[in-house]
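Structural characterization, general
So the chains spell out like this:
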Amino acid sequence: MKRIFTGLTDTGRVRSVNQDDFYNDPEGRFFIVADGMGGHAGGEEASKLATKTIKEYLLAHWDSDKSSDRLLKAALLKANDAIIEDQRQHPERSDMGTTAVVLLFRKSPEQEREEPWVAHIGDSRLYRLRGHTLQQITLDHTWVAKAMASGVLDPEQGRTHPWRHVLSQCLGREDTQDEDIDVDPIELQGGDRLLLCSDGLTEELPDGTIASTLKSIRACDMAGQKLIEQAKEKGGRDNITVTIVVLESE
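Bear in mind that the values here come from a model prediction, so they are computed numbers and not experimental data. (Residues numbered from 1 in each chain as written. Predicted model: local features only at pLDDT ≥ 70, side-chain atom pairs only at ≥ 80, totals over all residues. Heavy atoms only, no water.)

**Side note on the overall build of the chain**
Each helix and strand counted, the chain has seven helices and 11 strands in total. For the chain, the spread of C-alpha atoms along the principal axes amounts to about 50 × 45 × 35 Å. Sorting the 250 residues of the chain into buried and exposed places 54% on the buried side. For the chain, the proportion of contacts with a sequence separation of at least 24, taken over those separated by at least 6, is 70%. Accessible surface, the chain as shown: approximately 11,400 Å² in total, 47% of it carbon and sulfur. Within the chain, the 44 negative side-chain charges are centred at a point lying 4 Å from the centre of the 31 positive side-chain charges. (Helix = DSSP H or I, 4+ residues; strand = E, 2+ residues; numbered from the N terminus. Buried < 20%, exposed > 50% of the residue type's maximum accessible area, 1.4 Å probe, protein only. Contact = heavy atoms within 4.5 Å. Areas by Shrake-Rupley, 256 points an atom, 1.4 Å probe, with all protein chains shown as cover. Lys, Arg positive; Asp, Glu negative; His and termini not counted. Charge placed at Lys NZ, Arg CZ, Asp CG, Glu CD.)

Here it is in structure tokens:
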């Protein structure tokens, strides 16, 4: 399926530095969004380092014998190692880390056709809009998300819980392991619209607003800009990054 895509990032109305980063492969093979944390310069460096390392690893091993799930895990673990090495060289950034969400379209050796996969760690998200239904594909790596999934908290409690930003997993930690990175195949079809985003978007906008905007504005670059504008109108308290991928029907 042909893919049309766009990516946008904005510092927001409160922060002075943008600690988000993103990368869209020009050929539409993979897309990355990262949301850094850890001091004035640390978060910015962590997200850029993660995006750069993941991109370079995927490109270098694209035609390897690795299956797509192993390729994605290896890329994110490589990014984790790169951030840790930077922390060692720059102690002032020792507390930096980053989330990452990666959408990939690839035909691996054992597959007859190209298949979509998502990898993520942290609370940057992938959504799929199909028709009128918006579905969050990734599950945030936070205590609040787990509590909501188990029924301890309802969605409204989770949305306002003071621990909602506390990550249980991220890149840039010595104890980050293979199993901390979620990698899953995705079922897609022509007409689907995909959204990768940092929590600067989802903290300000409910799913209903996101869905309405994606449905009503067909041009993905205009839809992305509108989402950022809406998040800023609601406060823009964090950096906001969106990548939209539209799958054209064949």
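Now that the structure has been shown, we can carry on.
**Looking at the nonpolar core**
Ranked by size, the top nonpolar core spans 26 residues in total, and within it Ile 54, Leu 58, Leu 72, Leu 76, Leu 104 and Leu 171 carry the most contacts. Of all the secondary structure elements, the ones that give two or more residues to this core are β3 (30-37), α1 (42-60), α2 (68-89), β5 (100-106) and β6 (115-121). The residues contacting Leu 104, other than those within four sequence positions of it, are Arg 29, Phe 30, Leu 58, Trp 62, Ser 68, Leu 71, Leu 72, Glu 115, Pro 116 and Trp 117. (Core = buried A, V, L, I, M, F, W, Y, C linked by side-chain atoms within 4.5 Å.)

**What about the sheet that holds strand β11 (residues 240-247)?**
Ordered in space as β1-β11-β10-β7-β8, the five strands form an open sheet in which the pairing is antiparallel. Two strands bound the open sheet, and with one partner strand each, they are β1 (3-10) and β8 (133-136). Neighbour-to-neighbour, the strand axes of the sheet open up by a mean angle of 15 degrees, direction not taken into account. Pairing between β1 and β11: eight bridges, direction antiparallel. Each bridged residue has a counterpart across the sheet, and for Arg 3 the counterpart in β11 is Leu 247. Against the sheet, helix α7 (residues 220-233) makes contact with β1, β10 (193-197) and β11, and its axis sits at roughly 25 degrees relative to β1, the strand it touches most. (Pairing = 2+ DSSP bridges. Axes fitted to C-alpha atoms, helices over the stretch in contact; angles between N-to-C directions.)

**Some points on the packing of helix α6 (residues 207-216) against α7**
Following both chains from N to C, one finds α6 and α7 inclined at 150 degrees, their axes separated by 9 Å at the closest point. When the axis of α6 is compared with that of α7, the two are roughly antiparallel. Crossing handedness for the pair α6 and α7: right-handed. Across from Thr 209, Ile 210, Thr 213 and Leu 214 in α6, the residues of α7 making contact are Ala 223, Lys 226, Leu 227 and Gln 230. (Parallel < 35°, antiparallel > 145°, perpendicular 65-115°, else oblique. Left-handed = near helix turned anticlockwise from the far one by under 90°.)

**Examining the side chain of Asp 238**
Mapped onto the elements of the fold, Asp 238 is located in the loop between α7 and β11. Within the local environment of Asp 238, its side chain forms a polar contact with the side chain of Arg 15, the two groups lying 3.3 Å apart. In contact with Asp 238, not counting residues within four places along its chain, are Thr 11, Gly 12, Arg 15, Asp 35, Asp 199 and Gly 200. (Polar contact = N/O pair within 3.5 Å; in protein donor to acceptor, adjacent residues only side chain to side chain.)

**Focus on the environment of Ser 198**
Inspection of the secondary structure assignment puts Ser 198 in the loop between β10 and α5 (199-202). Look at Ser 198 and you get buried, because its relative accessible area is 0%. A sequence separation of 184 residues divides Ser 198 from Val 14, and the C-alpha atoms of the two residues are 16 Å apart. In contact with Ser 198, other than residues within four places in its own chain, are Asp 20, Val 33, Asp 35, Ser 124, Asn 239, Ile 240 and Thr 241. Within the structure, the side chain of Ser 198 is placed 2.8 Å from the side chain of Asp 20, a separation counted as a polar contact.

**Here we look at the environment of Thr 6**
As for its placement among the helices and strands, Thr 6 is situated in strand β1. Between the alpha carbons of Thr 6 and Val 245 there is a distance of 6.8 Å; along the sequence they are 239 residues apart. Beyond its immediate stretch of four places on either side in the chain, Thr 6 contacts Asn 24, Cys 220, Asp 221, Val 242, Thr 243 and Ile 244.

**Focus: the packing of aromatic side chains**
Applying the stated rule across the entire model yields four aromatic pairs. Relative to Phe 31, the ring of Phe 5 has its centre 5.0 Å away and its plane inclined at 70 degrees; by these criteria the two rings are edge-to-face. Taken together, the positions of Phe 5 in strand β1 and Phe 31 in strand β3 put the pair 26 residues apart, joining distant regions of the chain. Using a relative accessible area of 0% as the deciding quantity, one classes Phe 31 as buried. Ring centres of Tyr 23 and Phe 30 lie 5.8 Å apart, and the angle between their planes is 35 degrees; this geometry places the pair in the tilted category. Here the guanidinium or amino end of Arg 29 rests over the ring plane of Trp 62, the centre of that ring lying 5.1 Å away. (Phe/Tyr/Trp six-rings, centres within 6.5 Å; stacked < 30°, edge-to-face > 60°. Lys NZ or Arg CZ within 6 Å of the ring centre and 35° of its normal.)

The values reported here are purely geometric and, on their own, carry no functional implication.
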